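Residue-level listing of the chains:
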Amino acid sequence: MRKEIKKWAEERYTHGKRLETVFIPENITVDERVFEDAIVFGDDECFDCGEFYQYMLHGEELYQVYYKVVEDVVDLSNLDYTKPCRVQKMDDLNFILN
């Protein structure tokens, strides 16, 4: 499944470049759980009901990781992407496979 997720991510977010060269693998910590060598990726348009999220690829699994964003924040590059406030595993990956 990792191969399919990477292909989808590279087409959508890196314009065909290798995912690891654009979004560097890091250790992501959520509620004291550490996802080692995870790749967090997305863009500044990833909002779900007003919550800002990015995708996280860890092993063969894809997650959405959510970040606290103050309403008047314009520059999302100031977020600490290694410390999201919550994580949610994505079980339905049909949008990647289709």
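K.L.:
Requested: an account of the pairing of strand E4 (residues 51-58), with residues and values cited.
P.N.:
E4 sits mainly inside the fold: six of its eight residues count as buried. Relative to E4, strand E2 (residues 33-41) runs antiparallel, the two sharing three bridges. Residue pairing across strands places Val 40 opposite Met 56, the latter belonging to E4. Bridge count between strand E3 (residues 47-48) and E4: two bridges; the pairing is antiparallel. Paired with Phe 47 across the bridge in E4 is Phe 52. With antiparallel pairing between neighbouring strands as the criterion, E3 and E4 make up a hairpin whose turn holds two residues, including Cys 49 at a positive phi of roughly 50°. Strand direction decides the pairing type here: E4 and strand E5 (residues 61-67), joined by seven bridges, are antiparallel. Residue pairing in the sheet places His 58 in a bridge with Glu 61 of E5. The loop that links E4 with its antiparallel partner E5 comprises two residues; one of these, Gly 59, has a positive phi angle of about 65°.

K.L.:
So, helix H1 (residues 2-13): which residues are in play, and what are the values?
P.N.:
Residues separated by three or four positions in an α-helix point in the same direction, a consequence of the helix having 3.6 residues per turn. The terminal C-alpha atoms of H1 lie 16 Å apart, and with twelve residues this matches the ideal 16 Å at 1.5 Å per residue to within 8%. Where H1 is concerned, the buried positions are Ile 5, Lys 6, Trp 8, Ala 9, Glu 10 and Tyr 13. In the core, the buried residues of H1 are packed alongside helix H2 (19-22), E2, E4, E5 and helix H3 (94-97). Note on H1: the residue one or two positions beyond its end, His 15, has a positive phi of about 55°.

K.L.:
Residues and numbers for the packing of aromatic side chains, please.
P.N.:
With the rule as written, the count across this model stands at 14 aromatic pairs. Of the aromatic side chains, those joined through ring pairs into one cluster are Trp 8, Tyr 13, Phe 23, Phe 41, Tyr 53, Tyr 55 and Tyr 66. The cationic tip of Arg 86 hangs over the ring face of Tyr 66; the distance from NZ or CZ to the ring centre is 3.9 Å.

K.L.:
Give me the lowdown on unusual backbone geometry, citing residues and values where you can.
P.N.:
We note that His 15 has phi near 55°; this positive angle belongs to a residue other than glycine. One can find His 15 in the loop between H1 and H2. For His 15, a relative accessible area of 73% puts it in the exposed group. Phi at Glu 32 takes a positive value of approximately 70°, unusual for a residue other than glycine. Mapped onto the fold, Glu 32 is located in the loop between strand E1 (26-30) and E2.

K.L.:
Could you give me a rundown of the pattern of salt bridges, with the residues and numbers involved?
P.N.:
Taken as a whole and assessed by the stated rule, the structure comprises five salt bridges. With its nearest N and O atoms 2.6 Å apart, the salt bridge here joins Lys 6 to Glu 20. Of the two residues, Lys 6 is situated in helix H1 and Glu 20 in helix H2; the sequence distance between them amounts to 14 residues. Here the two residues Lys 6 and Glu 20 agree in accessibility, since each one is buried. Between Glu 51 and Arg 86 there is a salt bridge, and its shortest N-O distance comes to 2.7 Å. Linking Glu 51 in strand E4 with Arg 86 in strand E6 (residues 86-89), this pair joins segments that are 35 residues apart in sequence.

Rules used in this analysis
Residues numbered from 1 in each chain as written. Predicted model: local features only at pLDDT ≥ 70, side-chain atom pairs only at ≥ 80, totals over all residues. Heavy atoms only, no water. Buried < 20%, exposed > 50% of the residue type's maximum accessible area, 1.4 Å probe, protein only. Helix = DSSP H or I, 4+ residues; strand = E, 2+ residues; numbered from the N terminus. Pairing = 2+ DSSP bridges. Expected span 1.5 Å × (residues − 1). Contact = heavy atoms within 4.5 Å. Phe/Tyr/Trp six-rings, centres within 6.5 Å; stacked < 30°, edge-to-face > 60°. Lys NZ or Arg CZ within 6 Å of the ring centre and 35° of its normal. Salt bridge = Lys/Arg side-chain N within 4 Å of Asp/Glu carboxyl O.

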